[in-house]
Number of protein chains: 4
Amino acid sequence: MAAQEGTMRSIRLEKEGSADNLYTVTEPIPSAQRGEVVVRVKASSLNFRDLAMLKEEYPGGMKPDLIPLSDGAGEIVEVGEGVRRFQVGDRVAGNFTKEWFSGRRPTYTEPYGSHSDGWLTEYKVMNPELLVEVPDHLTFEQAATLPCAGVTAWNALHGPSPLMAGDTVLTLGSGGVSVYALQLAKQLGINVISTTSSNEKAKKLKELGADEVINYNETPNWGEKAKELTGGVGVNRVVEVVGPATIQQSLKAVAPGDELSLIGVLSRTGDKIDYFDLFGSASTRTIGVGSRQDFENMNQVIADKNMVPVVDSVFPMDQAAEAYRYLDSQKFFGKIAISHD
Amino acid sequence: MAAQEGTMRSIRLEKEGSADNLYTVTEPIPSAQRGEVVVRVKASSLNFRDLAMLKEEYPGGMKPDLIPLSDGAGEIVEVGEGVRRFQVGDRVAGNFTKEWFSGRRPTYTEPYGSHSDGWLTEYKVMNPELLVEVPDHLTFEQAATLPCAGVTAWNALHGPSPLMAGDTVLTLGSGGVSVYALQLAKQLGINVISTTSSNEKAKKLKELGADEVINYNETPNWGEKAKELTGGVGVNRVVEVVGPATIQQSLKAVAPGDELSLIGVLSRTGDKIDYFDLFGSASTRTIGVGSRQDFENMNQVIADKNMVPVVDSVFPMDQAAEAYRYLDSQKFFGKIAISHD
Amino acid sequence: MAAQEGTMRSIRLEKEGSADNLYTVTEPIPSAQRGEVVVRVKASSLNFRDLAMLKEEYPGGMKPDLIPLSDGAGEIVEVGEGVRRFQVGDRVAGNFTKEWFSGRRPTYTEPYGSHSDGWLTEYKVMNPELLVEVPDHLTFEQAATLPCAGVTAWNALHGPSPLMAGDTVLTLGSGGVSVYALQLAKQLGINVISTTSSNEKAKKLKELGADEVINYNETPNWGEKAKELTGGVGVNRVVEVVGPATIQQSLKAVAPGDELSLIGVLSRTGDKIDYFDLFGSASTRTIGVGSRQDFENMNQVIADKNMVPVVDSVFPMDQAAEAYRYLDSQKFFGKIAISHD
Amino acid sequence: MAAQEGTMRSIRLEKEGSADNLYTVTEPIPSAQRGEVVVRVKASSLNFRDLAMLKEEYPGGMKPDLIPLSDGAGEIVEVGEGVRRFQVGDRVAGNFTKEWFSGRRPTYTEPYGSHSDGWLTEYKVMNPELLVEVPDHLTFEQAATLPCAGVTAWNALHGPSPLMAGDTVLTLGSGGVSVYALQLAKQLGINVISTTSSNEKAKKLKELGADEVINYNETPNWGEKAKELTGGVGVNRVVEVVGPATIQQSLKAVAPGDELSLIGVLSRTGDKIDYFDLFGSASTRTIGVGSRQDFENMNQVIADKNMVPVVDSVFPMDQAAEAYRYLDSQKFFGKIAISHD
């Protein structure tokens, strides 16, 4: 018998095209079989990836009628036979790339939202190894923003050549990954130069600890400006969340031998890259979110430092479509969450 | 008083343009001051970089009338006061990037041949910290090929994400770096796929241990072929010595998340790189030869395994210009050395 | 409905004390629930740990009536709903420390044989994440020796300071871990000095690639002898499987700054360690087998190099008690396996 | 002609036994030969090692009549021909282990004070590669405390398994290494538990950022107390500066799989170590100060964070013997420096 009886709400996406294709269904609450846990999902969060699906721009395609969203957090409400990793009451989130524990990413994984049911639901049955405990001081809405944006930012700062205290990272704008990168960098003693489009956002970035902020509208050559701000040496890493439209400036900003962390597909077009701009310049490395080990390492820092992720706004579950539209407006700062209460 | 009295021959390059601008001078043999050593240079070797200077294609420019060549090996013949690192009779080579010991490359270094006197001379006075001992079993001609091509290949296989035994590397052609990469990889249990232009060279590559050889004339889509040969996974690293003309195929060959080691400027033109070919693909990392630590690590393996570098031909010192021309012919396999006996 | 119907044999250990306390039971074949797989266990293998339980010397204690043995290999015969990691027919083994994927070892794990059912059975239902695929060229008996001895040896050679090609490792005797360490080291280009008690075993060790073998009966001061054999520098690692009785010699053998990998509890008594023997000497690190990542890395090398583990003898399942007694005799070389056919 | 003419004061130690064996000599100021620099030594500092020499307890022995002290800082006043690494006016300190750049420590080095002239002098001629630039914000007295105590503490926190932000380190007492470890740890986001003997010192440790302080007089079982303070998990590292007298408590404090960094020889006697206290417990690693790379990495953090080393007191050069006696009193907190002005 399940710990939780009755029904629950799930939101499903009929097909690509529009947030209007989201629909609510009532489904039976799942129960834990042997070795499984059931999570009462308390909150979820949106990422640019979710919007890309609506816009039919998501590279891997998607299956119809899945529950969307890769990111969610909640509480363990049922523990199947033989589970030792968690107990009822533990607060957890799912790792973005389900079965990636460490090392090379597995190829057989079925991403949440695009190939398997995601987190925009009230209850979710899980293999406990695909979950991590979230820091105690976070609300569920805050915790729900960790899996994609948080781990991506962590991985961007680490990887095979982790930044050291005293190094400098350049972040672009004030989306979820960039704000996480800024906040995590400061916990690790890393200096931050941020770009932004407005003085209001600049003020917020400063409050979060940015050492320098460049308004890219006022300074279109912000890559060179960032380099100047490091005494001409160049930044040690760029958390490159935009892509084709910014990569040329990013290449100007970074010190030879250091790294561009490629995350971005916020832009679709821009000048192509000349081999000789790449050669002799920084390394490039695509960040595909990260492993469970990355997530756990990040959580240790967030927990220990009581770092609070920046949640711009929280939508109730029945206004999920509004949340998508707000994400598309690009008027937010940090992360957008959905409450499942 | 110097251990070695009298005069020596040096070859100097008057200016860029042609190997005809090389000239021989007779100079006094230097003597060791406190903390210095004098090396009797027994051999040197040529790299594509040296040819690029002649062709006025070397990016950093060059000073006139310097002794060319970054690579040389010889015997310590004099040891200044207070030197403990070496003794008379020790067999040494200079690290390519003089003052690079480990970590980030120093910016103040003055490269051999382009900004300071190189190794095409009979005696050279040195700070002993800029030298490493070479493996006992190597001739001086063989040892003289280690500093640039050997260390570059070593660094390409290592770096922040070193290849493991059982991984696969793709090498392009049969120049010095590629042949070193093949030979070193085999010592480390790494599988090798090599490309080449002729069946004769293919045979030599196989003899040196290449697991697979692709004739790129017969298989212009050699990048996809290399991927196929790994069961569709992709190679774990490409030692990309050519550049613009091959990078598109290299990107096809490599597994996402693995690495393109950018070394090559053998070609000057090719299709530009689309951001979305780079994003989601392999990391790219420019190899700028390597540190003294890299050199010493490589030497441990070469010494322990009695690995013998492939020297295609040895020119006498007074035919240095011929050696340059032979390098330009691209008919060689492995390295070209100059004997200073 | 289960893929496999009917009953199977399991062997259980009533209590510590003697191999006579093993008894055979007939049990229903388990079936896979959602997210699970069923393994037809084809072989298992014994480790010193299993013997220590019989002798009431196992530090963590044990529960009565469990199925013993931490090591087994078999074939997937049933795959539960939603499993993507494996398919029916895949050949697998379990990781020794079930839920250890990478990083720090989890504290909540319940070891096979002592706290949860082990592998001396015909069928076993598992969370697929706790299994790894085994190399194709291995028999099940060979594959069954990988989890404890193989991974321990791999971890001893790696860890935070992995040995490099050209380094030297010292192995003690010809038990499972030592023979694996010898074989794996040779695949990685690492030199091996082995100790042994007889000329016959010395011959076998040489055949497996040992560069030097020391007979410790003839050379009681084998630690200094090993150091001598490295030209007085010291070995770079000792795979210390014996413990109190050998640690003093091991400390003599190893180079300052290098590492003693502590595995051994084959001996219970010996001289205590003086702080000043430890200080200024090698690092010490206890090897607690290893993570799934370690296991997968090792398998890559074993598969790629067609390395064949040394199985001394194979007992049929109904002679399991004999296998324990043979292990206790210390007359074997390498590993002892049990066939479940 | 030297940049600096005339004479300078040096202090030399006639022989072991007592600070009374120190004597002042007037010597010619050295001048830089090719490739050398001259440092005007502005300050030096004392370490326990220097006291051990007086007490005839220094393991490597010492030569008579050398200039003592391994640690000093000053200004470049002359630059020999061909030096690019430094310019006149640069502020530098010497690395403790002269020729250790990275990787394994060289065996041929001649330590300052025991086998070659140290830093208790007004001018020193040096190979510039043996020097590092010191952070701008430090006085020379502060900078003079970096080479031994600072780098040792840095290495203790790093090494092959560097601590992460959110980890916990245990430091013992308030000597130079311990206070540096505390200060550096806090810059890196690492938690610190410190032991001390008095409430007054406890207050200072708290002011420097110690998260918890244990008075070891009041809590003789401080190892278990430290473990308790981590919620029973154990600390991730002990900076073990005392040795035989404290190692048993340190072993109680540390989490299995984490590390004891062995530095200490402050005590000479204590209970010997049982193999089974070491086995299954933390790794042990002897810290022999560190490489130039370690020193430069540390300086990046100290410079970036404006970290100020704790100098307890500064003695004038002609009261060097008093400085030794004060060190022996064990009444200080942090470091003792000598001003050479």
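None of the values given here were measured: they were computed from a predicted structure.

1. Points about the overall build of chain A
Part 1: For chain A, the count of helices and strands is ten helices and 15 strands.
Part 2: For chain A, the C-alpha radius of gyration of 20 Å lies close to 20 Å, the compact-globule estimate for 341 residues.
Part 3: When the 341 residues of chain A are sorted by exposure, 63% land in the buried category.
Part 4: Counting only contacts in chain A whose residues sit at least 6 apart along the sequence, the fraction spanning at least 24 positions is 70%.
Part 5: Of the accessible surface of chain A, which amounts to about 12200 Å², a share of 46% is contributed by carbon and sulfur atoms.
Part 6: Between the centroid of the 33 positive side chains of chain A and the centroid of its 45 negative side chains there is a distance of 2 Å.

2. Brief notes about the domain arrangement of chain A
For an interface, size is often stated in terms of accessible area lost upon the parts coming together.
All names here are of chain A.
Part 1: Structurally, chain A comprises domain 1 (7–148 + 290–339) and domain 2 (153–286).
Part 2: Centre-to-centre, using C-alpha coordinates, domain 1 lies 27 Å away from domain 2.
Part 3: Listed as interface residues are 21 residues of domain 1 and, on the opposing side, 18 residues of domain 2.
Part 4: Contact with domain 2 buries area across many residues of domain 1, yet F48, M307 and F333 alone supply 37% of it, more than any other trio.
Part 5: Remark: the boundary between domain 1 and domain 2 carries zero salt bridges.

3. Here's the deal with the pattern of salt bridges
Part 1: Applying the stated rule across the entire model yields 80 salt bridges over all chains.
Part 2: D117(A) is paired through a salt bridge with R12(A); the nearest N and O atoms lie 3.0 Å apart. Of this pair, D117(A) sits in the loop between β5 (91–94) and β6 (123–126) while R12(A) sits in strand β1 (residues 7–13), placing them 105 residues apart in sequence.
Part 3: On the basis of relative accessibility, which here comes to 26%, the residue D117(A) falls in the partly exposed class.
Part 4: Residue R285(B) is joined to E259(B) by a salt bridge in which the shortest nitrogen-to-oxygen separation is 2.8 Å. Highlighted residues: R285(B) in strand β13 (residues 283–286) and E259(B) in strand β12 (residues 254–262), separated in sequence by 26 residues.
Part 5: Each of R85(A), E129(A), R292(A) and E296(A) takes part in a single network of salt bridges with overlapping partners.

4. Looking at the packing of aromatic side chains
Residue and element names in this part refer to chain B.
Part 1: Here the structure, examined in full by the defined rule, presents 26 aromatic pairs over all chains.
Part 2: Ring centres of Y112 and W119 lie 5.8 Å apart, and the angle between their planes is 70 degrees; this geometry places the pair in the edge-to-face category.
Part 3: Residue class for Y112 comes out buried when judged on its relative accessible area of 2%.
Part 4: Take W119: its relative accessible area is 0%, and that puts it in the buried class.

5. Some words on the interface of chain B and chain A
Part 1: Facing 29 residues of chain B, the contacting portion of chain A comprises 29 residues.
Part 2: With both chains or domains summed, chain B and chain A bury close to 2500 Å², and 59% of this area falls on carbon and sulfur atoms.
Part 3: Contact with chain A buries area across many residues of chain B, yet R104(B), I273(B) and Y275(B) alone supply 25% of it, more than any other trio.
Part 4: At the junction of chain B with chain A, the criterion picks out four salt bridges.
Part 5: Our count for the contact surface shared by chain B and chain A stands at ten residue pairs in polar contact (both at pLDDT 80 or more).
Part 6: At the level of secondary structure, the elements contributing two or more residues to the side of chain B that touches chain A comprise β11 (235–240), β12, α8 (275–278) and β13 of chain B.
Part 7: Of all the elements, β13(B) adds the most residues to the side of chain B that touches chain A, at four residues.
Part 8: In terms of residue class, the side of chain B that touches chain A is built from eleven nonpolar, ten polar and eight charged.

6. Digging into the relation of the copies chain B and chain A
Part 1: At an RMSD of 0.0 Å, chain B and chain A line up after a rotation of 180 degrees and a shift of 0.0 Å along the axis. Taken together, the rotation angle and the small translation identify this as a two-fold axis.
Part 2: Of all interface residues in chain B, 100% are interface residues in chain A too; the two copies therefore contact each other through one and the same surface.

7. Some thoughts on the nonpolar core
Soluble, globular proteins show a tendency: their nonpolar side chains are buried together.
Part 1: Of all hydrophobic cores here, the largest spans 128 residues; its most connected members are L146(A), L170(A), L184(A), L146(B), L170(B) and L184(B).
Part 2: Not counting residues within four places of it along the chain, the set of residues in contact with L184(A) comprises G150(A), A153(A), W154(A), L157(A), M298(A), I302(A) and M307(A).

8. A few points about the pairing of strand β10 (residues 212–215) of chain D
Residue and element names in this part refer to chain D.
Part 1: Pairing geometry for strand β9 (residues 191–196) and β10, over four bridges, is parallel. Bridge pairing links T196 to N215 in β10.
Part 2: Handedness of the crossover joining β9 and β10 through helix α5 (residues 199–207) is recorded here as right-handed.

9. Comments concerning the interface of chain C and chain B
Part 1: Of the residues lining the interface, 14 residues belong to chain C; the matching set on chain B comes to 13 residues.
Part 2: Across the chain C/chain B interface, buried area totals approximately 1000 Å², and carbon plus sulfur atoms make up 50% of it.
Part 3: Together, M164(C), A165(C) and Q300(C) form the three largest contributors to the area buried by chain C at its contact with chain B, with a combined 41%.
Part 4: The tally of links between chain C and chain B comes to eight residue pairs in polar contact (both at pLDDT 80 or more).
Part 5: Counting residues per element, the side of chain C that touches chain B draws most heavily on helix α9 (residues 292–305) of chain C, which supplies five residues.
Part 6: Tallied by class, residues from the side of chain C that touches chain B come to five nonpolar, six polar and three charged.

10. A word on the relation of the copies chain C and chain B
Part 1: Between chain C and chain B, the superposition needs a rotation of 180 degrees and an axial shift of 0.0 Å, giving an RMSD of 0.0 Å.
Part 2: By residue overlap, the copies meet face to face through one surface: 93% of the interface positions of chain C are interface positions in chain B.

11. Digging into the UniProt feature "domain: Enoyl reductase (ER)" (unreviewed entry) in chain A
Part 1: Here, the residues flagged by UniProt with the feature "domain: Enoyl reductase (ER)" (unreviewed entry) are residues 17–338 of chain A.
Part 2: Here residues 17–338 of chain A runs as 27% helix and 25% strand, with 21 Å between its end C-alpha atoms.

12. Description of the environment of E240(A)
Part 1: With respect to the element layout, E240(A) can be found in strand β11 (residues 235–240).
Part 2: For the pair E240(A) and S178(A), spaced 62 residues apart in sequence, the C-alpha to C-alpha distance is 8.8 Å.
Part 3: Non-local contacts of E240(A), meaning those with residues more than four positions away in its chain, are made with L172(A), T246(A), I247(A), S250(A), S261(A), L262(A), I263(A), G264(A) and Y275(B).
Part 4: Side-chain polar atoms of E240(A) contact the backbone nitrogen of I247(A), separated by 3.5 Å.

13. Remarks on unusual backbone geometry
Part 1: Despite not being glycine, L69(A) shows a phi value in the positive range, around 80 degrees.
Part 2: Structurally, L69(A) is set in the loop between α1 (48–54) and β4 (71–79).
Part 3: One non-glycine residue with positive phi stands out, namely N306(D), at about 50 degrees.
Part 4: For N306(D), the location among the structural elements is in the loop between α9 (292–305) and β14 (311–316).

14. Side note on the packing of helix α4 (residues 176–187) of chain C against α9(C)
Helix-helix packing: each pair is described by the crossing angle between the helix axes and the interaxial distance.
All names here are of chain C.
Part 1: Following both chains from N to C, one finds α4 and α9 inclined at 70 degrees, their axes separated by 11 Å at the closest point. It follows that α4 is roughly perpendicular to α9 by the angle criterion. Across from Y180, L184 and Q187 in α4, the residues of α9 making contact are M298, V301, I302 and K305.
Part 2: A class-by-class count of the residues in the contact of α4 with α9 yields five nonpolar, one polar and one charged.

Scoring rules and cut-offs
The written sequence of each chain sets the order in which its residues are numbered from 1. The naming scheme follows written order: chains are lettered A onward, ligands numbered 1 onward. For this predicted model, a pLDDT threshold of at least 70 governs which residues receive local features, and a threshold of 80 or more governs which side-chain atom pairs are given and counted, while totals over whole chains, interfaces and linings are taken from all residues. The basis for the side-chain values is all heavy atoms of the structure; hydrogens and waters are excluded. Under the scheme used here, helices are H or I runs from DSSP no shorter than 4 residues and strands are E runs no shorter than 2 residues, and both carry numbers assigned from the N terminus. This radius of gyration counts C-alpha atoms alone. The globule rule is 2.2 Å times how many residues there are, raised to the power 0.38. Here's how the labels work: a residue is buried when its accessible area is under 20% of the maximum for its type, exposed when over 50%, partly exposed in between, all with a 1.4 Å probe on protein chains only. Two residues qualify as a contact provided that any one of their heavy atoms is within 4.5 Å of a heavy atom in the partner residue. In these tables, accessible area is a Shrake-Rupley quantity obtained with a 1.4 Å probe, and a residue counts as shielded only by the protein chains included in the view. Neither His nor the chain termini are counted; the positive set is Lys and Arg, and the negative set is Asp and Glu. By convention, the point assigned to a charge is CZ for Arg, NZ for Lys, CD for Glu and CG for Asp. Each domain's extent was defined by an automatic or database domain assignment. Buried area adds together the accessible area that both of two parts lose upon being put together, with accessible area traced by a 1.4 Å probe. Any carboxyl oxygen of Asp or Glu within 4 Å of a side-chain nitrogen of Lys or Arg constitutes a salt bridge here. A pair of Phe, Tyr and Trp rings is counted when the ring centres sit within 6.5 Å of each other, with Trp represented by its six-membered ring. The angle between the planes then sorts it: under 30 degrees is stacked, over 60 is edge-to-face, the rest tilted. The term polar contact refers here to a pair of N or O atoms within 3.5 Å; inside protein, the definition further demands a hydrogen-donor-capable atom paired with an acceptor-capable atom, and it admits residues adjacent in sequence only when both atoms are side-chain atoms. Basically, the charged four are Asp, Glu, Lys and Arg, the nonpolar ten are Ala, Val, Leu, Ile, Met, Phe, Trp, Tyr, Cys and Pro, and anything else, Gly included, counts as polar. A least-squares fit on C-alpha atoms brings the copies together, and the residues used are those whose pLDDT is at least 70 in both copies. In these notes, a set of buried Ala, Val, Leu, Ile, Met, Phe, Trp, Tyr and Cys residues joined through side-chain atoms within 4.5 Å is what counts as a nonpolar core. For two strands to count as paired, DSSP must find a minimum of two bridges between them. Seen with its strands pointing away from the viewer, a crossover is right-handed when the path leading from the first strand over the helix to the second is clockwise. UniProt positions are given in the numbering used here, feature names are shortened, and annotations may be inferred rather than shown by experiment. Helix axes use the C-alpha atoms of the stretch in contact, all axes being lines fitted to C-alpha atoms, and the angles between their N-to-C directions lie in the range 0 to 180 degrees. Angle categories are assigned with fixed cut-offs, so that under 35 degrees is roughly parallel, over 145 is roughly antiparallel, 65 to 115 is roughly perpendicular, and the rest are oblique.

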